[in-house]
Amino acid sequence: MVRRRFFDFHQRYLARYTQRLPLGLRGQLAGHLFRRTRHPDFGFTHARSLCASGRSDIAAKLYGNGQAVTDPLFSTQLESEGHVSGPSQGVFFAQISFLGLRIGGQISGLGSAPVQLQIDLDDTVLRIETLSVRNGTASFRMILSREVLEAFPTSGLLRARLIDGTDGSILATPEGGIGWRTTMPHGQGTIDKVISERGSLDKKGRFRLNSVELDARQTAYLDLYSELKDVYAREFNRPLLILYGTLLGQLRSGDFIPGDDDFDVGYPSSEITPEAVRGEAISQMSRLAELGYVIVLNEFGRPFRIRARDGAAWVHLDNRPVFAPQQGEVWLHKHAALALDLSLFSEPEAAEMRGMDVLRPHQPERFLEAYYGANWRVPDPSYSNTGRSLPENARKALHQICLSDAQQRDLAQRYPGQIVPVRYSPLYPLADYAARIGF
């Protein structure tokens, strides 16, 4: 939790100042922060600095597993452009990162109703997102993927604005600019064509798959789920349930939400403390690795993503424990502390998805309403949960489920290539990282 808070604090308050430092000094600072946090953005900045200063051999040793470090994003630039005339309702941040272009912001002075945010690149609308408002403020964050940046023009103006029925309200950069001038020497200039063919970017900042690609991915997810559902029953005496957006689509239509390209599952835990839940997850991960599955832990060590045996990085399920620290309340990742009973998950009901047997929480409408709100039945392609908040005790407990550095390293050593902590995977070569982790 400290690492995540520090990174968020750095991105929000310090990054605009550290970006003004000379490249060498900025790189040294990033290298120190990477050693402390293992966050790939800091490693990216350090590697970029080393390569720019002719020390590619050191970059290869630290970040490339001994291999040469090259990255098209090393040549990109961001600069605040222009000046917003009059006051702005919010601020718009942007930074080149290892995974792509990290953007975010905060808007204040709002009422209580949700607001819509639009992200533009020149005349192309990249995404429209609905933001929930709490105490008069709303926030957003996303990462425009490497694939999307490759389609950028070599030079473009990236802007964020609120949609208010007229021209909207421009969110200013921290320097007061109207947006960010992006320079992408490797950009192909095809962004408007791809957006017109595939639609706006998804909530993860990626291009939407076409119908053929999407169908193949969703079929692979369902096949893996069907396989792992039986593994969970046999090996752990636990049901493996569909959750979140996967459950939402199944309940609405017996299929995926249109355009949905991930698969959310979870299992009920009989443990009640974060430490015990984490121990149970470690036991499950170990057994799954022994059975040949690949387990990936994100940069915070959160349990856990399951990949198909010998499958591509994208053939995976996002799995999470569901536990009840007290009667009448369940906690689970994706920032959820819900007033529900664990029996809804430990005593699930059978359903079908594309004609395939699945398990879902008992009375699934109660879970969906508790998480998404009373309007969960109404499709909202622009929905995002980035502004969701949690009680402090729940947030701490969900972080305590995450594995420590020592636990991650131990599992990676015991199951090499089968349990893969993102924190300890070399960032380069990029193709190797994509194969191990995915982007």
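Residues numbered from 1 in each chain as written. Predicted model: local features only at pLDDT ≥ 70, side-chain atom pairs only at ≥ 80, totals over all residues. Heavy atoms only, no water.

Concerning the sheet that holds strand β2 (residues 90-96)
- Spatial strand order, β2-β3-β6: three strands in an open sheet with antiparallel pairing. Here the strands that pair on one side only, and so sit at the sheet edges, are β2 and β6 (138-145). Adjacent strand axes in the sheet meet at a mean angle of 10°, parallel and antiparallel pairs treated alike. (Pairing = 2+ DSSP bridges. Helix = DSSP H or I, 4+ residues; strand = E, 2+ residues; numbered from the N terminus. Axes fitted to C-alpha atoms, helices over the stretch in contact; angles between N-to-C directions.)

Looking at the nonpolar core
- If you look at the biggest cluster of nonpolar residues, it comprises 55 residues, and the most contacted ones within it are Leu-144, Leu-158 and Tyr-428.
- With near-sequence residues (within four places) excluded, Tyr-428 lies in contact with Phe-44, Ala-47, Tyr-63, Gly-64, Asn-65, Val-69, Thr-70, Asp-71, Phe-74, Phe-98 and Arg-146.
- Of all hydrophobic cores here, the second largest spans 54 residues; its members include Phe-263, Met-285, Tyr-293 and Phe-304. (Core = buried A, V, L, I, M, F, W, Y, C linked by side-chain atoms within 4.5 Å. Buried < 20%, exposed > 50% of the residue type's maximum accessible area, 1.4 Å probe, protein only. Contact = heavy atoms within 4.5 Å.)

Points about the environment of Glu-271
- With respect to the secondary-structure elements, Glu-271 resides in the loop between β11 (264-268) and α9 (274-290).
- With 54 residues separating them in the primary sequence, Glu-271 and Pro-325 have C-alpha atoms 8.2 Å apart.
- Apart from the residues within four sequence positions on either side, Glu-271 is in contact with Ala-276, Val-277, Glu-280, Phe-323 and Ala-324.

Here we look at the environment of Gly-82
- Along the chain, the position of Gly-82 falls in the loop between β1 (77-81) and β2.
- Here Gly-82 falls in the exposed class, since its relative accessible area comes to 54%.
- Between the alpha carbons of Gly-82 and Arg-181 there is a distance of 9.5 Å; along the sequence they are 99 residues apart.
- Among residues more than four places away in sequence, those in contact with Gly-82 are Gly-176, Gly-177 and Ile-178.

Details of the packing of helix α3 (residues 40-52) against helix α4 (residues 56-63)
- Taken N-terminus to C-terminus, the directions of α3 and α4 make an angle of 155°; their axes are 7 Å apart at the nearest point. The pairing of α3 with α4 is recorded here as roughly antiparallel in orientation. Read as a crossing pair, α3 and α4 show a hand that is left-handed. Along its contact with α3, which presents Gly-43, His-46, Ala-47, Leu-50 and Cys-51, the element α4 presents Ser-56, Ile-58, Ala-59, Leu-62 and Tyr-63.
- For the contact of α3 with α4, a count of residues per class yields seven nonpolar, three polar and no charged. (Parallel < 35°, antiparallel > 145°, perpendicular 65-115°, else oblique. Left-handed = near helix turned anticlockwise from the far one by under 90°. Nonpolar A, V, L, I, M, F, W, Y, C, P; charged D, E, K, R; others polar.)

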